[in-house]
Amino acid sequence: MTAPLQFGLDTFGDVTRDASGAMLPHAQVIRNVVDEAVLADELGLDFIGLGEHHRSDFAISSPETVLAAVASRTKRIHLGSAVTVLSSDDPIRVFQRFATLDALSNGRAEVILGRGSFTESFPLFGFDLRKYEELFEEKLDLFAALLSQKPVSWEGKLRPPLRDQLVYPPVENGTLKTWIGVGGSPQSVVRAAHYDLPLMLAIIGGDPARFAPFVDLHHRAAKEFGRTAQPIGVHSPGYIAETDEQARAELWPDYKAMRDRIGKERGWPPMGRDEFVSEAEHGSLYVGSPETVARKIAKTAKTLGVSRFQLKYSAGPLPHEKLMTSIELYGRKVVPMVREMMG
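Quick notes on the rules
- Each chain carries its own residue numbering, running from 1 in the direction its sequence is written.
- Per-residue local features are limited, in this predicted model, to residues with pLDDT of at least 70; the limit for side-chain atom pairs, both in listing and counting, is 80 or more; totals at the level of whole chains, interfaces and linings are taken over all residues.
- The side-chain values count all of the structure's non-hydrogen atoms but skip hydrogen atoms and water molecules.
- Each aromatic pair joins two rings of Phe, Tyr and Trp (for Trp, the six-membered one) with centres within 6.5 Å, and gets the label stacked for planes under 30 degrees apart, edge-to-face for over 60, and tilted for any other angle.
- Runs of E in the DSSP output that reach at least two residues are strands. Runs of H or I that reach at least four are helices, and both are numbered from the N terminus.
- Working convention: axes come from line fits to C-alpha atoms, limited for helices to the stretch in contact. Angles between N-to-C directions cover 0 to 180 degrees.
- Angle categories: roughly parallel below 35 degrees, roughly antiparallel above 145, roughly perpendicular from 65 to 115, and oblique for all the rest.
- The crossing is said to be left-handed when, going from far helix to near helix, the turn is anticlockwise and less than a right angle, and right-handed when the turn is clockwise.
- Contacts were defined at the residue level, with two residues in contact if any of their heavy atoms lie within 4.5 Å.
- The residue classification treats Ala, Val, Leu, Ile, Met, Phe, Trp, Tyr, Cys and Pro as nonpolar and Asp, Glu, Lys and Arg as charged. All others, Gly included, are polar.
- Here, a salt bridge means any Lys or Arg side-chain nitrogen found within 4 Å of an Asp or Glu carboxyl oxygen.
- Each residue gets one of three labels from its accessible area relative to the maximum for its type: buried under 20%, exposed over 50%, partly exposed in between, using a 1.4 Å probe on protein chains only.

For the rest of this paragraph, the subject is the packing of aromatic side chains. In total, this model carries eight aromatic pairs according to the counting rule given. Where phenylalanine 122 meets tyrosine 132, the ring centres are 5.7 Å apart and the plane angle is 35°; that geometry is what we call tilted. Of this pair, phenylalanine 122 sits in helix α4 (residues 121–125) while tyrosine 132 is found in helix α5 (residues 132–146), placing the two residues 10 residues apart along the sequence. Taking the centre distance of 5.1 Å and the plane angle of 55° together, the rings of tryptophan 252 and phenylalanine 276 count as tilted. Residue tryptophan 252 is located in helix α8 (residues 244–266), and its partner phenylalanine 276 is located in helix α9 (residues 273–282); the two are separated by 24 residues in the primary sequence. Ring pairing ties together the aromatic residues Phe12, Phe58 and Phe118, which thus form one cluster.

Quick look at the structure:
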């Protein structure tokens, strides 16, 4: 019997406006994120993911710390990153921090490991961006070895070897649930299957169906490695209001502000209204009324055969109060509709 679809929320802690239009301080944004996660738990959602960034427009640089605060105020929701930039971190410290979070939350911690689409952490922590791929590959190999929670003997090129080393604290029950976040690399899809880890697809633009070959590749690779394919999830942006018109009107200026700010850094042209509407109607932007968003999530889940959908609910300076309303509609209306559509 197929497991029921899980529903999550993701945020990068986007710096938002207050009622007067002024940008909030990072500290207040972090406190607001905790409140948003508490609401998600009250609504019965399955997961809350916090992204790691090291720049002025996102407030969260240490997801595990914020998640520890969330753990103290929630009961059942699973807590994880979205993503942890393993390439510029130490695998042992990442494991220890999430094992600690797992203890504080009574077994609710998860980690999504990725290379990161932003590169600010590399110069900040003294890593050579030219070793972008090599750093991730080697550090993931070490992290995978740690998941066994047995004495680790390991050797790589970028750090001293380990000899029969135990890492503390251990995860109390079972193992630490670890996903590989993938934005478009077939090598990463195969890598997840190689390490027998679930796959989180970051689908932030275009028709979600274009990721079907990645799903197929993950299944084929798992079979070749002699394993049963692990779960696959989807992370995509969205926003919910009572009507399609209201949702688009409220999201558009803030989504464009975020998209254009990042696009300027990466050489993209400014986002036009037509592109926004196209993404809303045919792409990977889940914006609209509860009915519209539910139909789109159900279609993606059926097309790709995923076991979890994570809505990236924050978008640039869109105010906290509107985010709370969107989360409320997601939990109370969208999720029951999708479950009914999925049968």
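Moving on, we get to the packing of helix α3 (residues 91–104) against α5. Between α3 and α5, the least distance of the axes is 9 Å, while the angle of their chain directions is 40°. Taken together, the axis directions place α3 and α5 in an arrangement best described as oblique. Considering the relative orientation of α3 and α5, their crossing is right-handed. Across the interface between the two elements, Pro91, Ile92, Val94 and Phe95 of α3 pack against Lys139, Leu142, Phe143 and Leu146 of α5. Split into classes, the residues belonging to the contact of α3 with α5 amount to seven nonpolar, no polar and one charged.

Our focus in this paragraph is the packing of helix α2 (residues 63–73) against α3. Two elements in contact, α2 and α3, have axes whose closest approach is 9 Å; the angle formed by their N-to-C orientations is 5°. The angle between the axes of α2 and α3 places the two elements in the roughly parallel class. Note on element contacts: α3 touches α2 through Arg97, Phe98, Leu101 and Leu104, opposite Glu64, Leu67, Ala68 and Ala71. For the contact of α2 with α3, a count of residues per class yields six nonpolar, no polar and two charged.

Right, let's talk about the pattern of salt bridges for a bit. When the charged atoms of two side chains with opposite charge come close together, those side chains can pair. In the structure shown here, the tally under the stated rule is 22 salt bridges. Glutamate 242 is the partner of lysine 333 in a salt bridge, and the nearest nitrogen-oxygen pair spans 3.5 Å. One end of the pair, lysine 333, is in helix α11 (residues 320–342); the other, glutamate 242, is in the loop between β10 (232–240) and α8, with 91 residues separating them in the sequence. Judged by relative accessible area, lysine 333 falls into the partly exposed class, the value being 35%.

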